[in-house]
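Breakdown of the fold
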Amino acid sequence: MASSSSLLSEEQFLCSICLDVFKEPVSTSCGHNFCIACVTKYWDSNDLCQCPLCKETFYTRPELRVNTAFREVVEHFKRMTDEGKDCPANPGKVACDVCTGTRLKALAKRVIADSMQVFTALVRSIEKSQVEVSDVIEKKQKAAERQAEGLIKELEHEITELKRRSTELEQLSHTEDHLQLLQSFTSLVCTPPSTKDWSEISVHSDLCVGTVRTAVSQLEEMLNKEMEKLLPEVKLKRIQQYAGDVTLDPDTAHPNLILSEDGKQVRCGETVRNLPDNPKRFDRFAIVLGKDCFSSGRFYYEVMVKGKTKWTLGVARESIDRKRNISLSPEDGLWTVLLRDGNVHKASTYPPFLLSLKEKPQKVGVFVDYEEGQVSFYDVEARSHIYSFTGCTFTEKLYPLFSPCNHAGGKNLAPLIISSVNHTD
């Protein structure tokens, strides 16, 4: 039976609706946490949109977003519970409440420190963006003022000309010289003044809305990049927890490829082997897939690419065409990063995106978040981010994809090696 301290620790990670450990936790404005599915179902079944705990009423249904920092803490708690690590204070025994609590506190501190880094960068960027937006608005204002001044001068010129004509007509109306009247009438009345159609002219007074909207969009994009730049090492440590045991599937391997007996290495041979044809085998590209597929959640694996001048790594959807020429891009169901010519790294977007890397990766980590629609690549030894495909929509099973490419006359004989992941706390 769990002790009271253990129950207290567990309760902090239980949803008050389903009474189970949080799954995709969200936070309401009143400060309470629930599983996103639980609170959504609760609100769908009630007339009022209230907090299930404190009953605070929300007159507009809140837009729920997963609390990613808290989700990381919950998942760490679940891992600690499932793995049953030895207790440092009592070797050989399952981790006690004190040790579990200590680890959770340490993780929480790291999450807070990471968050502070991101928010500090965000504040700096907001301040910079504010200055830039103010500068843009000021320039637009001056341009609008110059435009208005030009229009005013043009309008004043037309008014002056019309007044002149009006005065001449007034004087002409009192003349008794009929010949002069006829001549002047022809020039003043029959030849109208050249004037502009002012009904179509306007000076835009909305100087800030579009500018601010653009600045906010740029700020959001910058924040995503800043997070990747500031937290790659911390993020890599976390995603390594999702490492799976990946083994190559010989039934999918192109006839040129040679696999090791344990299914952990693949290299390109110098001759095409006579292998039985099957629907799963690649005929046009030197590709082999992993045996296990993924259709939900997150998974991660690492591949040694040291000594190679060409390679391609990533994931592929199950229905990929294996018998014809295809592009290594999301349009054809592949999300990959590749090396060509020894030092040219690209993301296989369409068109390909050239990557600027400080170092040539020796070991590459591949991470997929199925629900989030994300495929990310990391330089494991440099603990740095290489590239991410985001906003993807996955509707099929995904398979790890490996291509050692051709042997390039003996220059690219080194194998791709699926390596074990070095888990870190």
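Described in the following lines is the structure provided in the data block. (Residues numbered from 1 in each chain as written. Predicted model: local features only at pLDDT ≥ 70, side-chain atom pairs only at ≥ 80, totals over all residues. Heavy atoms only, no water.)

Concerning the environment of Leu 248
Formally: Numbering of helices and strands starts at the N terminus; helices are DSSP runs of H or I of at least 4 residues and strands are runs of E of at least 2. Throughout this description, buried means an accessible area under 20% of the type-specific maximum (1.4 Å probe, protein chains only), exposed means over 50%, and partly exposed covers the range between. In this analysis, two residues are considered to be in contact whenever any of their non-hydrogen atoms come within 4.5 Å of each other.
In this fold, Leu 248 is placed in the loop between helix H7 (232-239) and strand E3 (257-259). Here Leu 248 falls in the buried class, since its relative accessible area comes to 2%. Along the backbone, Leu 248 and Gln 265 are 17 residues apart, and their C-alpha atoms lie at a distance of 7.8 Å. With residues near it in sequence (within four places) discarded, Leu 248 still touches Leu 259, Gly 263, Lys 264, Gln 265, Val 266, Val 288, Leu 289, Gly 290, Lys 291, Phe 402 and Ile 418.

Things to note about the environment of Asp 332
Going by this rule: What qualifies as a polar contact is a pair of N or O atoms within 3.5 Å, subject to a donor-acceptor requirement within protein and to the restriction that residues adjacent in sequence count only when both atoms come from side chains.
In this fold, Asp 332 is placed in the loop between strand E7 (311-317) and strand E8 (334-340). The partly exposed category is assigned to Asp 332, whose relative accessible area is 28%. C-alpha separation for the pair Asp 332 and Asp 321, spaced 11 residues apart in sequence, amounts to 8.0 Å. Among residues more than four places away in sequence, those in contact with Asp 332 are Arg 317, Ile 320, Ile 326 and Ser 327. Side chain to side chain, Asp 332 and Ser 327 meet in a polar contact 2.8 Å long.

Description of the pattern of salt bridges
We count it as follows: Salt bridges are defined as contacts in which a side-chain nitrogen from Lys or Arg sits within 4 Å of a carboxyl oxygen from Asp or Glu.
Summed over the entire model, instances satisfying the criterion amount to 11 salt bridges. One salt bridge in this structure joins Glu 63 and Arg 65, with 3.7 Å as the shortest N-O distance. By relative accessible area, Glu 63 is classed as exposed at 65%. Lys 264 is the partner of Asp 245 in a salt bridge, and the nearest nitrogen-oxygen pair spans 2.6 Å. Here Asp 245 is found in the loop between H7 and E3, whereas its partner Lys 264 is found in the loop between E3 and strand E4 (265-268), with 19 residues between them in sequence. Judged by relative accessible area, which is 58%, Asp 245 ranks as exposed. The network of salt bridges with shared partners includes Glu 75, Arg 298 and Asp 369.

Take it as geometry only, folks, not as evidence of what the structure does.
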